[in-house]
Amino acid sequence: MTAPSEAAPSRPTPQVHGRTIDAQTRCVHYGDPSDIIALKFKCCGNFYPCYECHDEAVTHAIERWGDADLNEHAVLCGACSRQLTVAEYLGAARCPACDAEFNPGCKLHRDIYFDLPATLADDLTSPDRAECGTASAPHIP
Ligand SMILES: [Zn+2]
Ligand SMILES: [Zn+2]
Ligand SMILES: [Zn+2]
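Only a predicted model underlies this, so the values are computations on that prediction, with no experimental measurement involved. Numbering of residues begins from 1 in every chain and follows the order in which that chain's sequence is written. Chains carry letters and ligands carry numbers; both start at the beginning, A for chains and 1 for ligands, and go up in the order they are written. Given that this is a predicted model, residues contribute local features only at a pLDDT of at least 70 and side-chain atom pairs are listed and counted only at 80 or more, while totals for whole chains, interfaces and linings are drawn from all residues. The basis for every side-chain value is the complete set of non-hydrogen atoms in the structure, without hydrogens or water.

> What am I meant to see in the coordination of the zinc ion (ligand 3) here?
The reference angle at a metal is 109.5 degrees if four donors form a tetrahedron and 90 or 180 degrees if six donors form an octahedron. Distances up to 2.8 Å from the metal define which N, O and S atoms are donors, and 3.2 Å serves for Na, K and Ca; water is absent from the atom set, so sites may look incomplete. Protein coordination at the zinc ion (ligand 3): the donors are Cys 77 (SG), Cys 80 (SG), Cys 95 (SG) and Cys 98 (SG), at 2.3 Å from the metal. Taken in sequence order, the residues that donate to the zinc ion (ligand 3) follow the motif C-x2-C-x14-C-x2-C. Placement of Cys 80 in the loop between strand E3 (75-77) and strand E4 (83-84) and of Cys 98 in the loop between helix H2 (86-90) and helix H3 (110-113) is noted, with a sequence separation of 18 residues between them. For each residue, the accessible area found with a 1.4 Å probe, counting protein chains only, is set against the maximum for its type, and the residue is called buried under 20%, exposed over 50%, and partly exposed in between. For Cys 80, a relative accessible area of 31% corresponds to the partly exposed category. Think of it this way: any DSSP run of H or I at least four residues long counts as a helix, any run of E at least two long counts as a strand, and we number them from the N terminus.

> Help me understand the nonpolar core, please; the structure alone is not making it clear to me.
Inside soluble globular proteins, nonpolar side chains tend to come together where they are buried. Residues Val 86, Tyr 89, Phe 102 and Phe 114 are the most contacted members of the largest nonpolar core, which totals 27 residues. Breaking this core down by element, the ones donating at least two residues are strand E1 (37-40), helix H1 (51-57), E3 and H2. The element contributing the most residues to this core is H2, with 4 residues. Here, two residues are considered to be in contact whenever any of their heavy atoms come within 4.5 Å of each other. Residues contacting Val 86, with those up to four places away along its chain left out, are Trp 65, Asp 69, Leu 70, Glu 72, Ala 74, Phe 114 and Leu 116. Here, nonpolar core refers to any group of buried Ala, Val, Leu, Ile, Met, Phe, Trp, Tyr and Cys residues whose side-chain atoms link them within 4.5 Å.

> Would you take a moment to explain the environment of Phe 102 for this structure?
Tracing the backbone shows Phe 102 in the loop between H2 and H3. For Phe 102 and Ala 92, which are 10 residues apart along the polypeptide, the C-alpha to C-alpha distance reads 8.2 Å. Other than its neighbours up to four places away in sequence, Phe 102 contacts Ser 34, Ile 36, Ile 37, Cys 77, Leu 84, Tyr 89, Ala 92, Ala 93, Arg 94 and Cys 95.

> I keep staring at the side chain of Asn 103 and nothing clicks. Help me out?
On the secondary structure map, Asn 103 appears in the loop between H2 and H3. N or O atoms closer than or at 3.5 Å make up a polar contact, with two conditions inside protein: a donor-capable atom paired with an acceptor-capable one, and, for residues adjacent in sequence, both atoms drawn from side chains. Side-chain polar atoms of Asn 103 contact the side chain of Asp 35, separated by 2.6 Å. When sequence neighbours within four positions are dropped, the list of residues in contact with Asn 103 reads Ser 34 and Asp 35.

> What is the right way to look at the sheet that holds E1 in this model?
By this definition, two strands are paired if DSSP reports at least two bridges between them. Spatial strand order, E2-E1-E3-E4: 4 strands in an open sheet with antiparallel pairing. Single-partner strands in this sheet number two, and they are strand E2 (47-48) and E4. For E1 and E2, the ladder comprises 2 bridges, and the chain directions are antiparallel. For Lys 40, the partnering residue across the bridge sits in E2 and is Phe 47.

> Help me understand the coordination of the zinc ion (ligand 2) in this model?
Coordination sphere of the zinc ion (ligand 2), protein contribution only: Cys 27 (SG), His 29 (ND1), Cys 50 (SG) and Cys 53 (SG), at 2.1 to 2.3 Å. Site shape is set this way: if four donors have all angles between 85 and 135 degrees, tetrahedral; if opposite donors are over 155 degrees apart and all others between 65 and 115, square planar for four donors and octahedral for six; otherwise irregular. Metal-centred angles of 102 to 119° between the 4 donor atoms at the zinc ion (ligand 2) mark the site as tetrahedral. Each donor residue of the zinc ion (ligand 2) belongs to the same chain, and together they define the spacing C-x1-H-x20-C-x2-C. Of this pair, Cys 27 sits in the segment before E1 while Cys 50 sits in the loop between E2 and H1, and the two are 23 residues apart along the sequence.

Everything listed here is a matter of coordinates, which is why it stays silent on function.
Now the structure itself:
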């Protein structure tokens, strides 16, 4: 077992709200070449390129994804429109589908989007966890 066995049926590409500036979900706030992801927000279920776009568009507070949400397809790769689960995203430096590199700087903002223990996030991002079963995480189909 080396790779997640999830068959990836083509999920319909969600609409990305906010002030996007191109088709790869870059926005007026984060427009670097590697800023290619959009995130779904638990509070409203909508995708935004970044939390600033979210906060401009709505008045409610951000509700973050927790460790019960690791299987939520909450991250959209703007390059290939693949929707990643929270666990897939946190464990990946690049898109597992199209190999586009994610902005490592996004990790600085992880606490804005994810309410996860640092140890768990470290586990997910550690390379040698990739081949192990997920002992603590909910099962990944
Ligand atoms: Zn919201
Ligand atoms: Zn933005
Ligand atoms: Zn991709």
